[in-house]
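The chain contents come next:
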Protein chains: 2
Amino acid sequence: MTLTTANDTPATLMIIDDHPLLRRGVAQLLELEDDLELVGETGDPEEGIALALKLEPDLVLLDLNMPGVNGLEALRRLREANYSGRVVMFTVSDHEDDVVAALRNGADGYLLKDMEPEDMVRQLRQAALGRMVISESLTALLAEALRNQRNAPTTPDIHSLTQREREILQQLASGLSNKLIARKLDITEGTVKVHVKHLLKKLNLRSRVEAAVWAVQEGIDH
Amino acid sequence: MTLTTANDTPATLMIIDDHPLLRRGVAQLLELEDDLELVGETGDPEEGIALALKLEPDLVLLDLNMPGVNGLEALRRLREANYSGRVVMFTVSDHEDDVVAALRNGADGYLLKDMEPEDMVRQLRQAALGRMVISESLTALLAEALRNQRNAPTTPDIHSLTQREREILQQLASGLSNKLIARKLDITEGTVKVHVKHLLKKLNLRSRVEAAVWAVQEGIDH
DNA sequence: CGAGGGCTATTCCTTTAGGGTTAGCCAGCC
DNA sequence: GGCTGGCTAACCCTAAAGGAATAGCCCTCG
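Residues numbered from 1 in each chain as written. Chains lettered and ligands numbered in written order. Predicted model: local features only at pLDDT ≥ 70, side-chain atom pairs only at ≥ 80, totals over all residues. Heavy atoms only, no water.

- The name recorded for chain A in an unreviewed UniProt entry is Two-component system response regulator NarL, from Vreelandella alkaliphila.

Pasting the structure below:
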């Protein structure tokens, strides 16, 4: 990995974002900066991953919300493929879960799309130098996340569930009663209740309503 | 209102979007077009409304998802203030409800931010001429919305609820039981049950789980 | 002033949810 | 072969949810 530190060669950047206009905005912004060079851009996550591995830019600006493969998945895939450059998530979402998930998955920064261009350039420059960058408006949110982590060490984790339990959870999160879930999956209501009981215990939740709300917020429904 | 029809004076446009980079992308795009002129831009909805009323552009590109006053609210306020130009919603959201709500509130178009720049210019030109423009990928969705409208004339409507019922719904949508809601709002559990019963009837839902899921999906929680 | 709506509350009743336990069946694993 | 984990199912029991009806209190509107 080549890391530009001073008035050497410019730092190379790539942007993966499904909004052509936003890409154009970023491109135009970077043209004005001598020490930052945009070497690639695409709106397709798959293509973006391949391109990043080929061009090996110092930094990848990665949209979190894209159709199909989402940004988080792309981030994981980049890391798995041993891409060693910086990856900065670039998104509209200031949801705590998104930020935390991105950072846990190895993101080197998290910038919001509504930031001012000048700030953007400054942050990108810092990121290219290897510093972690986070939009200022997210600091309070991060503090909150840390506090929650302390108080609730057992964050619900979808991966602790079995296939069947996930299936039950999805139905539950669409508002169905145990009886209707049973009818739909062609098992008895009693069995559904067993699954619900188990998934509530695993997720450390206290009712199906909590489970439904959590599932919807996490996008586990449908 | 001045409506540019031919090789006359260029059509005037305004953009209200809280993403400076995207505004820059649009601005650059429009500079290349002789018949489209960007006369104003801002990231603040309030300022945008005032500016639109002052400049009276032929067309306002309005972001649906903005902090504080949202785009739908801005649209309503523009219409109430008798702004007679075209208003085209410009957003990342392809949620059926958002599209339908925008059109019901008098939007003249609904464009997705991930569209290609060339399409964008073409669509804006059409819109400035008074034609309704909708991103192509949304046509199927609109057909769906129309069908649902036929089959389910009683779509849940938050506005049919009283203040107290909305309050109960919010608590419910955070996963609380009737008992806990009662404790939190300092009323008896029986009263909470009455409110829940009423709001379920008004929303035509069959359980608190359905209500919670709906509320979360609609963003009514918190 | 009376009517109506909103918020509160209570009583009665049925259905649903959820915890605990036991158990059969089947797959993969040591 | 025995063991474990997942899916199924049943039993018992308590708690929670939800439907129906009635009613008092307060406020607003005509």
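Once you've had a look at it, read on.
## A closer look at the environment of His19(A)
Point 1. Looking at the secondary structure, you find His19(A) in the loop between β1 (11-16) and α1 (20-31).
Point 2. The exposure class of His19(A) is buried, given its relative accessible area of 7%.
Point 3. Along the sequence, His19(A) and Asp44(A) sit 25 residues apart, while their C-alpha atoms lie 10.0 Å from each other.
Point 4. Apart from residues no more than four positions distant in its own chain, His19(A) is found in contact with Lys113(A), Val92(B), Lys113(B) and Asp114(B). (Helix = DSSP H or I, 4+ residues; strand = E, 2+ residues; numbered from the N terminus. Buried < 20%, exposed > 50% of the residue type's maximum accessible area, 1.4 Å probe, protein only. Contact = heavy atoms within 4.5 Å.)

## Describing the side chain of Glu165(A)
Residue and element names in this part refer to chain A.
Point 1. Inspection of the secondary structure puts Glu 165 in helix α7 (residues 163-172).
Point 2. A polar atom in the side chain of Glu 165 sits 2.8 Å from the backbone nitrogen of Thr 162.
Point 3. Here Glu 165 is in contact with Ser 160, His 195, His 198, Leu 199 and Lys 202, once residues within four sequence places are set aside. (Polar contact = N/O pair within 3.5 Å; in protein donor to acceptor, adjacent residues only side chain to side chain.)

## Considerations on the relation of the copies chain B and chain A
Point 1. In screw terms, the move from chain B to chain A is a rotation of 180° and a rise of 0.5 Å along the axis, fitting with an RMSD of 0.4 Å. On this basis, the relationship between the two copies can be described by a two-fold rotation axis. It is Gly25(B) whose C-alpha, among those of chain B, lies nearest the rotation axis, at 1.9 Å.
Point 2. Looking at chain B, 100% of its interface residues are interface residues in chain A too, so the copies touch through the same face. (Least-squares fit on C-alpha atoms with pLDDT ≥ 70 in both.)

## Description of the sheet that holds strand β5 (residues 109-112) of chain B
Point 1. A sheet is described by the order of its strands in space; here six strands give the open sequence β2-β1-β3-β4-β5-β6 (chain B), paired in parallel fashion. Looking at the sheet topology across the chains shown, the edges are occupied by β2 (36-42) and β6 (133-134) of chain B. (Pairing = 2+ DSSP bridges.)

## Comments concerning the interface of chain B and chain A
Point 1. Across the contact, 31 residues belong to chain B and 31 residues belong to chain A.
Point 2. Roughly 2,600 Å² is buried in total at the junction of chain B and chain A, and carbon and sulfur atoms are behind 70% of that figure.
Point 3. Its largest share of buried area at the contact with chain A, chain B owes to Leu21(B), Arg24(B) and Val209(B), together 26% of the area lost on that side.
Point 4. Along the contact surface separating chain B from chain A lie zero residue pairs in polar contact (both at pLDDT 80 or more).
Point 5. Classifying every residue of the side of chain B that touches chain A by side-chain character gives 17 nonpolar, six polar and eight charged. (Buried area = accessible area lost by both parts, 1.4 Å probe. Nonpolar A, V, L, I, M, F, W, Y, C, P; charged D, E, K, R; others polar.)

## Description of the sheet that holds strand β4 (residues 86-91) of chain A
Residue and element names in this part refer to chain A.
Point 1. Ordered by their spatial adjacency, six strands build an open sheet running β2-β1-β3-β4-β5-β6, and the pairing between neighbours is parallel. Strands at the two margins of the open sheet, each flanked by one partner only, are β2 (36-42) and β6 (133-134).
Point 2. Two elements, β1 and strand β3 (residues 59-63), share four bridges in a ladder whose sense is parallel. Across the sheet, the residue bridging to Ile 15 is Leu 61, located in β3.
Point 3. Sheet strands in contact with helix α3 (residues 71-80) are β3 and β4, and its direction is about 175° off that of β4. (Axes fitted to C-alpha atoms, helices over the stretch in contact; angles between N-to-C directions.)

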